[in-house]
Amino acid sequence: MYGELGIDLNTAINVFLNKSLYVGGFSFDVNKEIMAAMLGAEYIEYDLMLGIERC
């Protein structure tokens, strides 16, 4: 994904962190609902990697 920009993941993370420091927070809209959805998706992906099924 970042290769299209000519950068690696480490550089992309550094760009994100520097931008966050520059603007004093996230450089995009984030609210509780968005964070909950992102974390929920992350947990689902992790469970799938481990082969855990939850009801």
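As shown above, the structure is provided for reference.
Remember, predicted model here, so these are calculated numbers, not experimental data.

Visitor: I would appreciate a short explanation of the overall build of the protein chain in the present structure.
Guide: From N to C terminus, the protein chain includes two helices and zero strands. Each of the 55 residues in the protein chain was classed as buried or not, and the buried ones make up 5%. Summed over its atoms, the accessible surface of the protein chain is roughly 5200 Å², and 62% of this surface lies on carbon and sulfur atoms.

Visitor: Teacher, can you tell me more about helix α1 (residues 9–23) here?
Guide: Helical geometry note: an α-helix holds 3.6 residues per turn, so side chains three or four residues apart project in the same direction. Along its 15 residues, α1 runs 21 Å from first to last C-alpha, staying within 8% of the 21 Å computed at 1.5 Å per residue. The positive-phi residue at the C-terminal boundary of α1 is G24, with phi of around 80°.

Visitor: It is not clear to me how the packing of aromatic side chains should be interpreted in this structure. Could you clarify?
Guide: The relative placement of two aromatic rings is captured by the distance of their centres and the angle of their planes. Summed over all chains, the structure comprises three aromatic pairs. Taking the centre distance of 6.2 Å and the plane angle of 35° together, the rings of F16 and F28 count as tilted. With F16 in helix α1 and F28 in the loop between α1 and α2 (32–50), the pair connects residues that are 12 residues apart, well separated along the chain. The class of F16 is partly exposed, set by a relative accessible area of 33%. With a centroid separation of 5.4 Å and 45° between ring planes, the pair formed by F26 and F28 is classed as tilted. Ring-pair connections join several aromatic residues into one group, and the members of that group are F16, F26 and F28.

The rules behind each value
- Residues numbered from 1 in each chain as written.
- Predicted model: local features only at pLDDT ≥ 70, side-chain atom pairs only at ≥ 80, totals over all residues.
- Heavy atoms only, no water.
- Helix = DSSP H or I, 4+ residues; strand = E, 2+ residues; numbered from the N terminus.
- Buried < 20%, exposed > 50% of the residue type's maximum accessible area, 1.4 Å probe, protein only.
- Areas by Shrake-Rupley, 256 points an atom, 1.4 Å probe, with all protein chains shown as cover.
- Expected span 1.5 Å × (residues − 1).
- Phe/Tyr/Trp six-rings, centres within 6.5 Å; stacked < 30°, edge-to-face > 60°.

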